[in-house]
Amino acid sequence: MRGHRVAVIPGDGIGLEVIEAGKQVLEALAKKSGDFQFEFEDFDWCSQRYLEKGEYIPEGGLERLSKFDAIYFGAVGSQDVPDHVSLWELRLAICQGFDQYANVRPARVLPGVNSRLKGADEIDWVIVRENSEGEYSGNGGRVHQGFPDEVGTEVSVFTRKGLERIHRFAFNLAQSRPRKKLTLVTKSNAQRHGMVLWDEVFFEVAKAFPEVTIDRELVDAVTTRMVLKPETMDVIVATNLHADIISDLAAALSGSLGIAPTANLNPEGTFPSMFEPIHGSAFDIAGQGIANPVGSFWTAAMMLEHLGEKTAAECLMAAIERLTASGLQTQDLGGTATTRDVTQAICSDIESQ
Ligand code: ATP
């Protein structure tokens, strides 16, 4: 029996609901397979903890987390904690602490899901987001705070090492997919230092991947191309900020933020990788039991694949597609089903296969 140790950090808001749902689905898959099992350990690292104890992650927390095979993460964000504090103290502390430099975000319209975009059926993208530096490197500062002469700087940091590894990762991914296409997203017309380096390193890495068809698009232009010509793109590589923005657009074009998954990968396996739905804590619907858990199921499938459970990952993805095709949908997709209804339906389906 193969065993997988998974650290579970539900976090805040609907993170608690969708991660609980995802754990049930993972347990159902393990039971069905009989070949592997999960050892889940829950971590109460959330905004409530921060408000009570002044910290999201306790002393030695990352060291404890580093012993796991993977991390299953919900969402972080609270109306009582500034967003830049919650993000940096929990999610980014893990992503950067564990050098999870490749953030992978698939976008596809699942069967039965209606997109507002005509021709959305042709969306089949994977956005690769540089996850360790760029605009979110944390480099900057503020002086003369509160005075009329106050200045704040936010310095984007691009390193050759960081760029080489993310472009190489994106090329390898593009090469593994049937269409073998890779679009470089950039803003090197206006930003003439870091972004020009970003482009140069991309074209250097490209030489080792002759089978991959490449093109280059400015970040503003890529938003229109995503809407008007979705079929012309396959894998997309973009910086931390650019990919953050275009992947929310990709999620909305594919139906709902509630569906989209993401993986924060440390491809070398030096540290555990982290899997999460892309949505945030969604205070407006938290605690009502109506959150769409599909994003947390899809990211669970990515986690299974990462853990080497390819068959179970395929089985889960097929179950997700049968679920969305069945029309049992939560409110965000126009349905009336609850988180629990959807979770029970997919677990029963997995058991019956
Ligand atoms: P962030 O932490 O990114 O600032 P947020 O809580 O402000 O997040 P998101 O979670 O990204 O906002 O989502 C925006 C809105 O989309 C939510 O307020 C909610 O109405 C809807 N939404 C997001 N995820 C889901 C979901 N899983 N199910 C249903 N609706 C969702």
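Source: prediction; values computed, not measured.

K.L.:
What exactly am I supposed to notice about the overall build of the protein here?
P.N.:
If you tally the helices and strands in the protein, you get eleven helices and twelve strands. Seen along its three principal axes, the alpha-carbon backbone of the protein occupies a region of about 55 × 50 × 40 Å. A total of 353 residues make up the protein; the buried ones form 52% of that total. In the protein, once contacts between residues fewer than 6 apart in sequence are set aside, the share between residues at least 24 apart is 75%. Carbon and sulfur atoms form 50% of the exposed surface of the protein, whose accessible area is close to 15800 Å².

K.L.:
Sorry, what's going on with the layout of surface pockets here?
P.N.:
Taking a probe equal in size to a water molecule and rolling it over the atoms shows the remaining empty space. Of the pockets and cavities examined, the largest pocket occupies roughly 790 Å³. In terms of lining residues, the largest pocket is bounded by 24 residues, among which Pro 106, Leu 173, Arg 177, Met 302 and Glu 305 are the most central. Of all the secondary-structure elements, those providing two or more residues to the lining of the largest pocket are strand E4 (102–108), strand E5 (124–130), helix H5 (160–176), strand E11 (261–265), helix H9 (294–306) and helix H10 (310–325). If you tally residues by element for the lining of the largest pocket, the top one is H9, at five residues. Grouping the constituent residues of the lining of the largest pocket by class yields 16 nonpolar, two polar and six charged. If you add up the space inside the second largest pocket, you get close to 500 Å³. For the second largest pocket, the lining is made up of 24 residues, of which Val 76, Leu 87, Ile 278, His 279 and Gly 280 are closest to its centre. If you tally residues by element for the lining of the second largest pocket, the top one is helix H4 (residues 83–97), at five residues. A breakdown of the residues in the lining of the second largest pocket according to their chemical character gives ten nonpolar, seven polar and seven charged. Counting contributing residues, the lining of the second largest pocket receives three or more from each of domain 1 (1–100 + 260–352) and domain 2 (115–254).

K.L.:
What exactly am I supposed to notice about unusual backbone geometry here?
P.N.:
Excluding glycine, residues mostly have negative phi values, and the peptide bonds linking residues are mostly trans. With phi around 55 degrees, His 144 is a residue other than glycine that occupies positive phi space. You can see His 144 is positioned in the loop between strand E6 (134–143) and strand E7 (151–157). Despite not being glycine, Lys 180 shows a phi value in the positive range, around 50 degrees. Of note, Lys 180 is situated in the loop between H5 and strand E8 (181–186).

K.L.:
It is not clear to me how the site of the ligand should be interpreted in this structure. Could you clarify?
P.N.:
Surveying the vicinity of the ligand reveals 13 residues, the closest of which are His 279, Gly 280, Ala 282, Asp 284 and Asn 292. For the ligand, an oxygen atom lies 2.7 Å from a polar atom in the side chain of Asp 284. Between the ligand and the protein, one listed contact pairs a nitrogen atom with a backbone N or O atom of Asn 292 at 2.8 Å. In isolation the ligand has 610 Å² of accessible area, and contact with the protein removes 65% of it.

K.L.:
Could you clarify how one ought to interpret the UniProt feature "domain: Isopropylmalate dehydrogenase-like" (unreviewed entry) in the protein in this entry?
P.N.:
Following the UniProt record, one finds the feature "domain: Isopropylmalate dehydrogenase-like" (unreviewed entry) at residues 5–346. Counting secondary structure, residues 5–346 comes out at 40% helix and 23% strand; the distance between its end C-alpha atoms is 23 Å.

K.L.:
What exactly am I supposed to notice about the domain arrangement of the protein here?
P.N.:
Size of an interface, as often reported, equals the accessible area lost when the parts are brought together. When its domains are assigned, the protein resolves into domain 1 (1–100 + 260–352) and domain 2 (115–254). Around 780 Å² of area is buried between domain 1 and domain 2 when both sides are counted, 51% of it from carbon and sulfur atoms. Taken as a group, Gln 96, Asp 99 and Ile 278 account for 42% of the area that domain 1 buries against domain 2, more than any other trio of residues on that side. Applying the counting criterion to the domain 1 and domain 2 interface returns one salt bridge. The partner of Asp 99 in a salt bridge is Arg 165, and the shortest N-O contact between them spans 2.9 Å. The interface formed by domain 1 and domain 2 includes four residue pairs in polar contact (both at pLDDT 80 or more). When contributions to the side of domain 1 that touches domain 2 are tallied by element, the ones reaching two or more residues are H4 and E11. Ranked by the residues each element gives to the side of domain 1 that touches domain 2, the list is headed by H4, at three residues. Its residues assigned to classes, the side of domain 1 that touches domain 2 comprises six nonpolar, three polar and one charged.

Rules behind the numbers
Residues numbered from 1 in each chain as written. Predicted model: local features only at pLDDT ≥ 70, side-chain atom pairs only at ≥ 80, totals over all residues. Heavy atoms only, no water. Helix = DSSP H or I, 4+ residues; strand = E, 2+ residues; numbered from the N terminus. Buried < 20%, exposed > 50% of the residue type's maximum accessible area, 1.4 Å probe, protein only. Contact = heavy atoms within 4.5 Å. Areas by Shrake-Rupley, 256 points an atom, 1.4 Å probe, with all protein chains shown as cover. 1 Å grid on protein atoms, 1.4 Å probe; cavity = no way out; pocket = protein on both sides within 12 Å on 5 of 7 lines; lining within 4 Å. Points joined across faces, edges and corners; volume = space filled by probe spheres on them. Nonpolar A, V, L, I, M, F, W, Y, C, P; charged D, E, K, R; others polar. Domains from an automatic or database assignment. Near = heavy atom within 4 Å. Polar contact = N/O pair within 3.5 Å; in protein donor to acceptor, adjacent residues only side chain to side chain. UniProt positions renumbered as here; feature names shortened; annotations may be inferred. Buried area = accessible area lost by both parts, 1.4 Å probe. Salt bridge = Lys/Arg side-chain N within 4 Å of Asp/Glu carboxyl O.

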